[in-house]
Amino acid sequence: MKKVGIMMGSDSDLPVVKKAIDTLKDFEVPYEVHIYSAHRTPEQAREFAVNARANNFGAIICAAGMAAHLAGAIAANTTLPVIGIPMRSGALDGVDALYSTVMMPSGIPVATVAIDGAVNAALLSIEMLAITDETLAKKLDDKRAADTAKVLAKNAAAEAEFNH
Ligand code: RP5
């Protein structure tokens, strides 16, 4: 199976990124984690992106806050799908990172999830790998069904309490 690359601009992003890591673990999808910054370690970030396809990655998740250029810089150096997680941090609380990540110029796409949307970033990467992996696709279907059952159970409890 292809691996998912998980990159974050700082170890201060790790508490949120951990949710993406845990989601990939739940689906038994292989992954690699790196702390690479578009600004502080641009050479290492570029090197990772340039070699990612040859190194058996299928998708790359990039989490960064503030002037968040990591996802865009990685996308500039690979044609693998790149998913950006704008991180909530700093004076602008993640809106800066959201705009920096989502407003990519035509030709260099980044699939941007919500501010701190680590679980959805992982699920999106799994959906990408599942295009050619039936076992993974079945696991995604099972999770959707389990999530639906949880909501329906809560609905049944609310209906029983409030609807008379
Ligand atoms: C970004 O700046 C990082 O991704 C992080 O979200 C933010 C703050 O980084 P630190 O100053 O905590 O290392 O590059």
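One can find the structure itself at the top, above this paragraph.
Notes on the structure in this doc start here. (Residues numbered from 1 in each chain as written. Predicted model: local features only at pLDDT ≥ 70, side-chain atom pairs only at ≥ 80, totals over all residues. Heavy atoms only, no water.)

## Points about the site of the ligand
Item 1. Taken together, Gly-9, Ser-10, Ser-12, Asp-13, Arg-40, Ala-64, Gly-65, Met-66 and Ser-89 make up the full set of residues adjacent to the ligand.
Item 2. One of the side-chain nitrogen or oxygen atoms of Ser-10 is found 2.6 Å away from an oxygen atom of the ligand.
Item 3. In the environment of the ligand, an oxygen atom lies 2.6 Å from a nitrogen or oxygen atom belonging to the side chain of Asp-13.
Item 4. Burial of the ligand by the protein amounts to 74% of the accessible area it has alone, namely 360 Å².
Item 5. Looking at the shell around the ligand residue by residue, the classes come out as two nonpolar, five polar and two charged. (Near = heavy atom within 4 Å. Polar contact = N/O pair within 3.5 Å; in protein donor to acceptor, adjacent residues only side chain to side chain. Areas by Shrake-Rupley, 256 points an atom, 1.4 Å probe, with all protein chains shown as cover. Nonpolar A, V, L, I, M, F, W, Y, C, P; charged D, E, K, R; others polar.)

## Regarding the packing of helix α5 (residues 118-130) against helix α6 (residues 134-162)
Item 1. It is at 8 Å that the axes of α5 and α6 come closest, and there the two elements cross at 140°. With respect to each other, α5 and α6 are oriented oblique. In terms of crossing hand, the pair formed by α5 and α6 is left-handed. Contacts between α5 and α6 involve Leu-123, Ile-126, Glu-127, Leu-129 and Ala-130 from the former and Leu-136, Ala-137, Leu-140, Lys-143 and Arg-144 from the latter. (Axes fitted to C-alpha atoms, helices over the stretch in contact; angles between N-to-C directions. Helix = DSSP H or I, 4+ residues; strand = E, 2+ residues; numbered from the N terminus. Parallel < 35°, antiparallel > 145°, perpendicular 65-115°, else oblique. Left-handed = near helix turned anticlockwise from the far one by under 90°. Contact = heavy atoms within 4.5 Å.)

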